[in-house]
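Remarks on the overall topology
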There are 2 protein chains.
Amino acid sequence: MDAAIEQALAARDAGDVPIGAVIVRDSDGEIISAAHNRRIIDADPTAHAEMLAIRAAAASVGDWRLGGCTMVVTLEPCCMCAGAIVLARMDRVVYGAADPKAGAVTTLHQLCSDPRLNHRCDIVAGVQAAKCGQLLTDFFQAQRAAGKK
Amino acid sequence: MDAAIEQALAARDAGDVPIGAVIVRDSDGEIISAAHNRRIIDADPTAHAEMLAIRAAAASVGDWRLGGCTMVVTLEPCCMCAGAIVLARMDRVVYGAADPKAGAVTTLHQLCSDPRLNHRCDIVAGVQAAKCGQLLTDFFQAQRAAGKK
């Protein structure tokens, strides 16, 4: 999670919402991709940290299947990202802060553990949740103070 | 939908699952992006037709918001794609065949009309459904006949 938080800080410094993700290969614990949110920077609604990390990891291993890998992300994934984690057949998702407005792993939907879909993941929630959540709180407070929305 | 079916045929001819999508600007009916499934071709689990069409449309207009636009796709979107349609604030989703295994607009989940999320879309289902579905049936039959899985 420390590496995902580093990515979140990089997003903040680049002017985007501070959310970071890394993908770990379970067999040797190596981080095979790392990314941060780039939605604003790239004007791309799909450029969430998890999506960019999945695309980079798949490109790195040359396969759309990421079995044997864990997604580590600072905020609970949304529907798009939770769906992508299932599509990539990832073994596990580890997240920091829960997302009461859009969380799709535990909070609003349970897409990574839905028995009707063709794959399910182990879920570990709340890792360094306070630190991950504080990054977002501070970012949006600073934006409001600066008159942005 | 004819333009989306054309994209699906292009996917099939390229060796990928025949699903196609176009994004229409509602104000003048112009198609601002068109894409087909490239998951196998690109070894990218996120390379569904809808995702590629959304990324191309956002790049074209220079904004992550695609309000005033309609997604037209041959197969009911999955969780990832339905989530992306909501994130992009699209006005409407029009699809062909329903997807009993992964459909996330109507069949298994109702992500584009969930009142808990911060955006909802109009939904038009079943447009040229038989033709859209037959493309998939024929593709998977041919794959089985060729001994692929």
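Residues numbered from 1 in each chain as written. Chains lettered and ligands numbered in written order. Predicted model: local features only at pLDDT ≥ 70, side-chain atom pairs only at ≥ 80, totals over all residues. Heavy atoms only, no water.

**A few points about empty space enclosed by the protein**
Note the following rule: As defined here, a cavity is a set of points on a 1 Å grid over the protein atoms alone where a 1.4 Å probe fits but cannot get out. A pocket is an open set with protein on both sides within 12 Å along at least five of seven lines, and residues line them when an atom is within 4 Å of a point. Grid points are joined across faces, edges and corners, and a volume is the space filled by probe spheres set on the points. Note on conventions: DSSP H or I runs of at least 4 residues are helices, E runs of at least 2 residues are strands, and numbering of each starts at the N terminus. As a working rule, the residues Ala, Val, Leu, Ile, Met, Phe, Trp, Tyr, Cys and Pro are called nonpolar, Asp, Glu, Lys and Arg charged, and the rest polar, with Gly in that last group.
Across all of its chains, the model carries 1 cavity of 30 Å³ or more by this definition. Volume-wise, the largest cavity comes out at about 40 Å³. Taken together, T46(A), M51(A), R55(A), T46(B), M51(B) and R55(B) form the lining of the largest cavity. Looking at the lining of the largest cavity, the elements with two or more residues in it are α3 (49-61) of chain A together with α3 (49-61) of chain B. Residues of the lining of the largest cavity, tallied by class, amount to 2 nonpolar, 2 polar and 2 charged.

**Notes on the environment of A49(A)**
All names here are of chain A. To keep things clear, this is the line we draw: For the exposure calls, accessible area comes from a 1.4 Å probe over protein chains only, and a residue counts as buried if that area is under 20% of its type's maximum, exposed if over 50%, partly exposed in between. Residue contacts are defined here by distance: any two heavy atoms, one from each residue, within 4.5 Å place the two residues in contact.
Locating A49 in the fold gives a position in helix α3. On the basis of relative accessibility, which here comes to 1%, the residue A49 falls in the buried class. Residues A49 and P77, spaced 28 residues apart in sequence, show a C-alpha to C-alpha distance of 9.4 Å. With residues up to four places along the chain from it excluded, the contact list for A49 reads I19, G20, A21, A35, H36 and N37.

**What to know about the packing of α3(A) against helix α4 (residues 79-87) of chain A**
Residue and element names in this part refer to chain A. Using the following cut-off: For helices, the fitted axis covers only the stretch in contact; all axes are lines through C-alpha atoms, and the angles between them, taken along N-to-C directions, range from 0 to 180 degrees. Relative orientations are named as follows: roughly parallel for angles under 35 degrees, roughly antiparallel for angles over 145 degrees, roughly perpendicular for angles from 65 to 115 degrees, and oblique for any other angle. With the far helix as reference, a near helix turned anticlockwise by less than a right angle produces a left-handed crossing, and one turned clockwise produces a right-handed crossing.
For the pair α3 and α4, the least separation of the axes is 9 Å and the interaxial angle reads 25°. One way to sum up the angle between α3 and α4 is to call them roughly parallel. α4 is crossed by α3, and the crossing has left-handed handedness. Listed contacts from α4 to E50, M51 and I54 of α3 are M80, C81, A84 and I85. Residue composition of the contact of α3 with α4, by class: 6 nonpolar, no polar and 1 charged.

**Considerations on the relation of the copies chain A and chain B**
Stated formally: Overlaid copies result from least-squares superposition on C-alpha atoms, with residues included only where pLDDT is at least 70 in both.
You can overlay chain A on chain B at an RMSD of 0.0 Å; the transform is a turn of 180° with a shift of 0.0 Å along its axis. One copy is carried onto the other by what is essentially a two-fold rotation axis. Distance from the rotation axis, computed per C-alpha, reaches its smallest value in chain A at M80(A): 1.9 Å. Counting the interface residues of chain A, we find that 100% of their copies in chain B are interface residues as well, pointing to one common contact surface.

**Structural notes on the sheet that holds strand β3 (residues 69-75) of chain B**
All names here are of chain B. Put simply, the rule reads: Strand pairing is assigned whenever DSSP detects at least two bridges linking the two strands.
The mixed open sheet is built from 5 strands, whose spatial order is β2-β1-β3-β4-β5. Each of the sheet's edge strands pairs with one partner strand only, and the pair in question is β2 (30-36) and β5 (122-124). Adjacent strand axes in the sheet meet at a mean angle of 15° when their direction is disregarded. Sheet analysis places strand β1 (residues 20-25) next to β2, joined by 6 bridges and oriented antiparallel. Within β2, the position partnered with I23 by the bridge is S33. Seen against the sheet, α3 touches β1, β2 and β3 and runs at an angle of roughly 140° to β2. Against the sheet, helix α5 (residues 129-145) engages β3 and β4 (92-97), with an angle of about 60° to β4.

**Thoughts on the sheet that holds strand β4 (residues 92-97) of chain A**
Residue and element names in this part refer to chain A. What the 5 strands build is an open sheet, ordered β2-β1-β3-β4-β5; its pairing is mixed. Each end of this open sheet is capped by a strand with a single partner; those strands are β2 (30-36) and β5 (122-124). Each strand axis lies, on average, 15° off the axis of its neighbour in the sheet, ignoring direction. Two elements, strand β3 (residues 69-75) and β4, share 5 bridges in a ladder whose sense is parallel. If you follow T70 over to β4, its bridge partner there is R92. Its contacts with the sheet put helix α1 (residues 2-13) on β1 (20-25), β2 and β3, and the angle it makes with β1 is roughly 150°. Against the sheet, helix α5 (residues 129-145) touches β3 and β4, its axis set at about 60° to β4.

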